[in-house]
Amino acid sequence: MAFLAVEKEVLETNLRYNPLAPEEQDRFTLGLVQAQATRVLSPDDSLSVQGYYHATNGWYRLFADPERTTLWQYGLAWHFFGGAATWTHAMGAATLTVGAHGYGYESTHTRDVVDAGRDYLNQRLQVPGERVREAGLGHGPLAPLRRRAGPLGEVPVRRGRRAGFGRLDLLQPKVGARYDLTAGLSVFASVGQTTREPTRGDLLLGEDNATVVTTSKP
């Protein structure tokens, strides 16, 4: 465990110093299942679909006071699931890719006083949404390999909704250019803009127990 910092002065004399008590432990498990299939529809078209499920469960323990009389156990459980479909079409020197990605997220946070019962539980922070992507002007992967040059572009648009926090719209455009110097050497440059999706810490002002009052957008 590494969620308690050690003073620099202490580490300069003892790199093995550990401020945690033997009772301050953690236990976590992680699982991921994914299935994907791609079908070639024609020399210029392909369709890819996939589904996935990701789960993480566990807990960590920390003493609540310097006297080490109250031991807290924080329980964490995440469930993330979704699916995506992508269609790719080669148009000579250009490629058009259109796809959609839908997903959902659910988490449960608890805190228990070890040997004394539950302190709080909050759950069902969900993030259903979809992601639409359009990319053009790149050489098609199914078309014959040949020397190529020109612009490339991608304009992902994301829309989602967090239960209790309203709708989230994110626009992340990217454009660039690629040029093949030889059959095995090319150069590429791009410029774009990205926006970070709010995290649980942003939405709850750093609280683990969700007591912050929020307002949803219509």
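The structure under discussion appears in the preceding block.
Residues numbered from 1 in each chain as written. Predicted model: local features only at pLDDT ≥ 70, side-chain atom pairs only at ≥ 80, totals over all residues. Heavy atoms only, no water.

J.: Looking at this structure, I do not really get the pattern of salt bridges. What am I missing?
T.: In the structure shown here, the tally under the stated rule is two salt bridges. Between arginine 111 and aspartate 119 there is a salt bridge; the shortest N-O distance is 2.5 Å. What makes arginine 111 buried here is its relative accessible area of 15%. For aspartate 119, a relative accessible area of 40% gives the class partly exposed. Arginine 118 serves as the salt-bridge partner of aspartate 112, at 3.0 Å between the closest nitrogen and oxygen. (Salt bridge = Lys/Arg side-chain N within 4 Å of Asp/Glu carboxyl O. Buried < 20%, exposed > 50% of the residue type's maximum accessible area, 1.4 Å probe, protein only.)

J.: Looking at this structure, I do not really get unusual backbone geometry. What am I missing?
T.: Note on backbone geometry: most residues besides glycine have negative phi, and most peptide bonds are trans. One non-glycine residue, arginine 68, lies in positive phi territory at about 60°. Considering the arrangement of structural elements, one finds arginine 68 in the loop between strand E2 (45-63) and strand E3 (71-91). The exposure class assigned to arginine 68 is partly exposed, which follows from its relative accessible area of 41%. We note that aspartate 115 has phi near 70°; this positive angle belongs to a residue other than glycine. Examined against the element boundaries, aspartate 115 turns out to sit in the loop between strand E4 (94-113) and strand E5 (117-123). Aspartate 115 gets classed as exposed once you look at its relative accessible area, which sits at 81%. (Helix = DSSP H or I, 4+ residues; strand = E, 2+ residues; numbered from the N terminus.)

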